[in-house]
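Results of the structural survey
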Amino acid sequence: MKYVLMFVETEEFARQLEEMGELEQQAAYAAVGRWFAEHADKITHHTHLAPVHTATTVRLDGAEPLITDGPFVEGKEVVSGFAEVEVADLDEALRLARSWPACPIVEIRPAS
């Protein structure tokens, strides 16, 4: 089954990452790189998204499409990247999510 693991960054996590020294940041990024390497046989696609302030949103619920700069939802949590994985079942997707070394929230959705 295919699932998408969405890595959700919180304001607190982003602040902690910014406050880290260069060596701490390098170690944090290295942990993420190791996670991707360890699970490469299950990951079919992944990417890191540009910062939330670069988003453009198109609202289609009015008479005319409304285009705005920035994210649709002003929130304290934003999806910062995702990985599509091919695994046996949700339990295996959960095991992958539990081992994620970065953002404090991972949302899992089936993909078709």
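Refer to the structure printed above.
Residues numbered from 1 in each chain as written. Predicted model: local features only at pLDDT ≥ 70, side-chain atom pairs only at ≥ 80, totals over all residues. Heavy atoms only, no water.

1. Some remarks on the nonpolar core
Going by this rule: Each nonpolar core is a collection of buried residues, namely Ala, Val, Leu, Ile, Met, Phe, Trp, Tyr and Cys, held together in the definition by side-chain atoms within 4.5 Å. Exposure categories follow from relative accessible area, calculated using a 1.4 Å probe and restricted to protein chains: below 20% of the type maximum is buried, above 50% is exposed, and the middle band is partly exposed. We call two residues in contact when some of their heavy atoms are within 4.5 Å.
Core analysis: the largest hydrophobic core is formed by 18 residues, its most contacted members being Leu5, Phe7, Trp35, Phe36, Val85 and Trp100. If we skip the residues at most four places from it in the chain, tryptophan 100 touches Phe7, Val32, Trp35, Phe36 and Val106.

2. Brief notes about the sheet that holds strand β6 (residues 105-111)
Put simply, the test is: Pairs of strands are assigned from DSSP output, requiring at least two bridges between the strands. A helix here means a DSSP run of H or I that spans at least four residues, while a strand means a run of E at least two residues long, and both kinds are numbered starting from the N terminus. Helix axes are fitted to C-alpha atoms over the stretch in contact, other axes to C-alpha atoms as well, and angles between N-to-C directions run from 0 to 180 degrees.
Taking strand neighbours across the sheet as the criterion, the 4 strands line up as β2-β5-β1-β6 in an open arrangement whose pairing is antiparallel. The sheet is open, and its two borders are formed by β2 (43-48) and β6, each paired with just one other strand. Averaged over neighbouring strand pairs, the angle between their axes works out to 20 degrees when direction is ignored. Pairing between strand β1 (residues 2-10) and strand β5 (residues 77-86): 9 bridges, direction antiparallel. Bridge assignment links phenylalanine 7 to a residue of β5, and that residue is glycine 81. Its contacts with the sheet place helix α3 (residues 90-98) against β1, β5 and β6, and it is angled at close to 155 degrees to β6.

3. Let's talk about the side chain of histidine 39
Within the secondary structure, histidine 39 sits in the loop between α2 (22-38) and β2. Once residues within four sequence positions are removed from consideration, histidine 39 is found in contact with Leu96 and Ser99.

4. A look at the pattern of salt bridges
Let me state the cut-off plainly: Each salt bridge in this description consists of a side-chain nitrogen of Lys or Arg and a carboxyl oxygen of Asp or Glu lying within 4 Å of one another.
Under the criterion given, the structure shown has 6 salt bridges. Here lysine 2 and glutamate 84 are joined by a salt bridge, their closest N and O atoms 3.7 Å apart. One end of the pair, lysine 2, is in strand β1; the other, glutamate 84, is in strand β5, and 82 residues separate them in sequence. Between aspartate 41 and lysine 42 there is a salt bridge, with the nearest N and O atoms lying 3.5 Å from each other. When salt bridges with common partners are traced through the structure, they connect Asp41, Lys42 and Glu92 into a single cluster.

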